[in-house]
Amino acid sequence: MLSRLFSIFKNKDDDYIHGRRKCSICGNQVDFQIEKGSSLRESKCPICKGTRRNRDLAKVILMTYVNNDTTFSLSSAMAYLKKFVIYETQAVGPIHSYLSNLPKYICSEFFDNIPLGSLNEDGIRCEDIEDLSFPDNFFDIIITQDVFEHIKNPSKGFTEIKRVLKYDGYHIFTIPFHEGRKSLVRVKKDGSKNIFSMPPVYHLDPLKETGSLVYTDFGKDIIDYLKSLGLPTKIAVHEKFYSIDDIPYIIDEAEYKRYLSYREKGELLKYFLYNSVVFISQKFRVEYGRNTSNFG
Ligand SMILES: [Zn+2]
């Protein structure tokens, strides 16, 4: 039954060895799989379950901290990464599974019923990205995967990321990217109240049946925006599957209705068609008025 649902997705850009491609997370030679019509950004490794966006993020970790040699995968790079203090804002997923073997790896989730910085009954640390409990200049690497579109006040979140990063440290992250478009603030906060400037849009969330509310649709201005917050940023991976017009941009009633029809059918992965884009920001040190970031 399952095999009927899946068709094989072949992309020449993936490392291609003996007709199968190497997963940059688990290192296995596999055929990546995806349900027909779903966003190619979600194609999965059948072994570690890493999606295309997970695998591209792993590639950026390897490119930054190991080398550009495609024989490496996250699974074979542990010795290179063990000296780094790493923070990931999730406690699930294939990247987490590997990094959690490292001695200086910290992960968290957000729970609204326990104090920030404490552990829940399963031993998972509770953190709010807008109000992290870590000291300044603490992490070499921070990883966030499709998180920032759900942050109530993204400027506060990015500023916290910058605060807890060491100088020259990197924030490596993914967001659904509305390339060629302007960022949209869909929901603003007034104290604890949500003020909707646009109708509510939810992404799938394995932990929540209603899904996860989207506060911001990030667009092309994100690079300048992060630079203005003191986080020079570049796009490290940009795998283009879709044109700007294929990428959903829910700004009028007709498009909102289209979104709702996919949501009602339970087919949101077929609606949210995004390219796989991985960003990397660096906390730069200002010395003698000079910005020392690699990104200029
Ligand atoms: Zn894999």
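What counts and what doesn't
- Residues numbered from 1 in each chain as written.
- Predicted model: local features only at pLDDT ≥ 70, side-chain atom pairs only at ≥ 80, totals over all residues.
- Heavy atoms only, no water.
- Donors = N, O, S within 2.8 Å, 3.2 Å for Na, K, Ca; no water.
- Tetrahedral: all angles 85-135°; square planar, octahedral: opposite > 155°, others 65-115°.
- Helix = DSSP H or I, 4+ residues; strand = E, 2+ residues; numbered from the N terminus.
- Buried < 20%, exposed > 50% of the residue type's maximum accessible area, 1.4 Å probe, protein only.
- Pairing = 2+ DSSP bridges.
- Contact = heavy atoms within 4.5 Å.
- Axes fitted to C-alpha atoms, helices over the stretch in contact; angles between N-to-C directions.
- Salt bridge = Lys/Arg side-chain N within 4 Å of Asp/Glu carboxyl O.

J.: Honestly, the coordination of the zinc ion in this entry has me stumped. Any pointers?
T.: Each donor-metal-donor angle would ideally measure 109.5 degrees in four-coordinate tetrahedral geometry, or 90 or 180 degrees in six-coordinate octahedral geometry. Those protein atoms acting as donors to the zinc ion are Cys23 (SG), Cys26 (SG), Cys45 (SG) and Cys48 (SG), and they sit at 2.3 to 2.4 Å. Considering all 4 donor atoms around the zinc ion, the spread of angles at the metal, 103 to 117°, places the coordination shape in the tetrahedral class. Sequence spacing among the residues donating to the zinc ion works out to C-x2-C-x18-C-x2-C. Remark: cysteine 48 occurs in the loop between β5 (33–35) and α2 (52–65) and cysteine 26 occurs in the loop between β3 (20–22) and β4 (29–30); sequence separation between them is 22 residues. Here cysteine 26 and cysteine 48 have matching classes, each one buried.

J.: It is not clear to me how the sheet that holds strand β7 (residues 105–109) should be interpreted in this structure. Could you clarify?
T.: Within a sheet, neighbouring strands are paired by backbone hydrogen bonds and run either parallel or antiparallel to one another. Here 7 strands make up an open sheet; going across it, the order is β8-β7-β6-β9-β10-β18-β17 and the pairing mixed. Sheet topology places β8 (125–126) and β17 (233–239) at the edges, where each strand pairs with a single neighbour. By the bridge criterion, 6 bridges tie strand β9 (residues 139–145) to strand β10 (residues 165–174) in an arrangement that is parallel. Looking at β10, one finds that isoleucine 143 is bridged to isoleucine 172. Packing of α2 onto the sheet brings it into contact with β9, β10, β17 and β18 (276–282), and relative to β10 it is tilted by some 155°. Across the sheet, helix α5 (residues 154–164) lies against β9 and β10, angled at about 140° from β10, the strand it touches most.

J.: Explain the pattern of salt bridges here, please?
T.: Note on pairing: side chains with opposite charge can pair once their charged atoms come close. In the structure shown here, the tally under the stated rule is 17 salt bridges. Aspartate 146 is the salt-bridge partner of arginine 53, the closest N and O atoms lying 3.5 Å from each other. Highlighted residues: arginine 53 in helix α2 and aspartate 146 in the loop between β9 and α5, separated in sequence by 93 residues. Overall, the relative accessible area of 15% leaves aspartate 146 in the buried class. Connected through shared salt-bridge partners, Arg41, Glu42, Arg53 and Asp146 make up one network.

J.: Would you take a moment to explain the environment of phenylalanine 110 for this structure?
T.: Relative to the assigned elements, phenylalanine 110 resides in the loop between β7 and β8. Separated by 17 residues in sequence, phenylalanine 110 and glutamate 127 place their C-alpha atoms 5.2 Å apart. Not counting residues within four places of it along the chain, the set of residues in contact with phenylalanine 110 comprises Leu116, Cys126, Glu127 and Asp128.

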